[in-house]
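Analysis of the macromolecular model
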Amino acid sequence: MFKEFYNGHPFTTVSDAPIFLKQVVNTNKCVIQLEKEGNTLVVHSAIDNLLKGASGQAVQNMNLMYGLDESTGLKLKANFH
């Protein structure tokens, strides 16, 4: 359900494997990983708050306001692939 919802979102990835912070450092990405603990769903997420925080959000919103692709200027590569 999560993978289907986030399909086509350029900055959000749902991972089957545990998250490593290096997957998001220096990027505007958010990586989500789901884990079932008994009857509880635990949602893990990781972002680089320096880019995914206010500055990255401002650029992403500006892109949308001006009709640009929302990822313009934000396609940064992580240190880990």
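Just so we're clear, the structure is a prediction, and the values are computed from it rather than from any experiment.

1. Brief notes about the environment of Lys 77
- Considering the arrangement of structural elements, one finds Lys 77 in the segment after helix H2 (54-65).
- Considering only alpha carbons, one finds Lys 77 and Asn 28, 49 residues apart in sequence, at a separation of 9.2 Å.
- With residues up to four places along the chain from it excluded, the contact list for Lys 77 reads Val 25, Asn 26 and Thr 27.

2. Concerning a nonpolar patch on the surface
- Nonpolar side chains collect at one region of the surface, where Met 62, Met 65, Tyr 66 and Leu 68 lie side by side and expose about 490 Å² of accessible area between them.
- Overall, the relative accessible area of 40% leaves Met 62 in the partly exposed class.

3. Focus: unusual backbone geometry
- One non-glycine residue, Asn 26, lies in the positive phi region at around 65°.
- Structurally, Asn 26 is set in the loop between strand E1 (12-15) and strand E2 (30-37).
- Judged by its relative accessible area of 37%, Asn 26 is partly exposed.

4. Remarks on the pattern of salt bridges
- Counting across every chain of the model gives 1 salt bridge.
- One salt bridge in this structure joins Asp 16 and Lys 3, with 2.9 Å as the shortest N-O distance. With Asp 16 in the loop between E1 and E2 and Lys 3 in helix H1 (residues 2-6), this pair connects stretches of sequence that are 13 residues apart.
- The exposure class of Lys 3 is partly exposed, given its relative accessible area of 44%.

5. Observations regarding the pairing of strand E3 (residues 40-47)
- Summarising the sheet, E2 and E3 pair through 8 bridges and their orientation is antiparallel. When the bridges of E3 are listed, Glu 37 appears paired with Thr 40.

Definitions and limits used
- Residues numbered from 1 in each chain as written.
- Predicted model: local features only at pLDDT ≥ 70, side-chain atom pairs only at ≥ 80, totals over all residues.
- Heavy atoms only, no water.
- Helix = DSSP H or I, 4+ residues; strand = E, 2+ residues; numbered from the N terminus.
- Contact = heavy atoms within 4.5 Å.
- Patch = residues over 30% accessible without salt bridge, like charges linked within 9 Å, V, L, I, M, F, W, Y side chains within 5 Å.
- Areas by Shrake-Rupley, 256 points an atom, 1.4 Å probe, with all protein chains shown as cover.
- Salt bridge = Lys/Arg side-chain N within 4 Å of Asp/Glu carboxyl O.
- Buried < 20%, exposed > 50% of the residue type's maximum accessible area, 1.4 Å probe, protein only.
- Pairing = 2+ DSSP bridges.

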